[in-house]
Amino acid sequence: EVQLQQSGAELVKPGASVKLSCKTSGYTFSNYYMSWLKQMPGQNIEWIGNIYGGNGGTGYNQKFKGKATLTVDKSSSTAYMDLSSLTSEDSAVYFCARRTGPRGPFAYWGQGTLVTVSS
Amino acid sequence: DVVLTQTPPTLSATIGQSVSISCRSSQSLLHSNGNTYLHWLLQRPGQSPQLLIYSVSRLESGVPNRFSGSGSGTDFTLKISGVEAEDLGVYYCVQGTHAPNTFGAGTKLELK
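Observations regarding the overall build of chain B
Piece 1. A count of helical and extended segments in chain B gives 0 helices and 11 strands.
Piece 2. Start at the N end of chain B and walk to the C end: the helices and strands fall as β-β-β-β-β-β-β-β-β-β-β.
Piece 3. Here the C-alpha coordinates of chain B stretch approximately 40 × 25 × 25 Å along the principal axes.
Piece 4. Across the 112 residues that make up chain B, the buried fraction comes to 47%.
Piece 5. For chain B, the exposed surface amounts to about 5,000 Å²; the carbon and sulfur share of it is 47%.
Piece 6. Distance between charge centres in chain B, computed from 7 positive and 7 negative side chains, equals 5 Å.

Printed below as a string of structure tokens:
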């Protein structure tokens, strides 16, 4: 069974950084892409970027360049997203989602991580 | 960026009623490789989104066949043939043809 287990909720101060994780199981990590997505309360979903589990190759939404950095650890089948220089606009639920290719459907989702930016 | 316009924003239905949701794109979603990367998701309250339909009309494994998708180019439709209580939530179309991938604003399906 494919599973994506995301790290727990974060409360962080403005200007700080945070690293979210998405630990996977039930499939060959290096054969798939992982996307990260942002959903602000009651709002639309935004695609942040993709990372390929095989070689760590990335593709970003221009809007999130400089804000998000995607990495993987193949040894633990885990994807990570660093968010930097956090502001209140970064308060949201962040999802990881597996896809077969860079344009394919988001077939499996993590449970989401709530990030709250507040002093 | 490609804009996906979903209508209606809210849909009220009775159990057993058939409903349709429209997703219109500001650009053709036909990729140069011949594929159309338009997918449909359902997000139930308090849950992560769930894939229903991919590549316009392909039913994801395990999804009931009362869900169907159709369309081409810039106009796409999700149809539910006989709404059930478990179908309530927000439906999103999402395109993967053009970067960045973009989502529609969602259609909330409620019980009448």
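Following the structure, the description resumes.
A closer look at the interface of chain B and chain A
One frequently used descriptor of interface size is the decrease in accessible area upon assembly of the parts.
Piece 1. With 19 residues of chain B at the contact, the number on the chain A side is 19 residues.
Piece 2. For the interface between chain B and chain A, the tally reads 0 salt bridges.
Piece 3. For the interface between chain B and chain A, the tally reads 8 residue pairs in polar contact (both at pLDDT 80 or more).
Piece 4. Those elements that provide at least two residues to the side of chain B that touches chain A are β4 (38-43), β5 (50-54) and β9 (89-95) of chain B.
Piece 5. In terms of residue count, the dominant contributor to the side of chain B that touches chain A is β4(B) (3 residues).
Piece 6. Here the side of chain B that touches chain A is composed, by residue class, of 10 nonpolar, 8 polar and 1 charged.

With respect to the side chain of S35(A)
Residues and elements named next belong to chain A.
Piece 1. When you line up the elements, S35 lands in strand β4 (residues 33-39).
Piece 2. Using a relative accessible area of 0% as the deciding quantity, one classes S35 as buried.
Piece 3. Here the side chain of S35 touches W47 through a polar contact of 3.3 Å, side chain to side chain.
Piece 4. Here N50 takes part through its side chain, which lies 2.2 Å from a polar atom of the side chain of S35.
Piece 5. Not counting residues up to four positions away in its chain, the partners in contact with S35 are W47, G49, N50, F95, C96, A97, R99 and F106.

Reading the values: rules and limits
Residues numbered from 1 in each chain as written. Chains lettered and ligands numbered in written order. Predicted model: local features only at pLDDT ≥ 70, side-chain atom pairs only at ≥ 80, totals over all residues. Heavy atoms only, no water. Helix = DSSP H or I, 4+ residues; strand = E, 2+ residues; numbered from the N terminus. Buried < 20%, exposed > 50% of the residue type's maximum accessible area, 1.4 Å probe, protein only. Areas by Shrake-Rupley, 256 points an atom, 1.4 Å probe, with all protein chains shown as cover. Lys, Arg positive; Asp, Glu negative; His and termini not counted. Charge placed at Lys NZ, Arg CZ, Asp CG, Glu CD. Contact = heavy atoms within 4.5 Å. Salt bridge = Lys/Arg side-chain N within 4 Å of Asp/Glu carboxyl O. Polar contact = N/O pair within 3.5 Å; in protein donor to acceptor, adjacent residues only side chain to side chain. Nonpolar A, V, L, I, M, F, W, Y, C, P; charged D, E, K, R; others polar.

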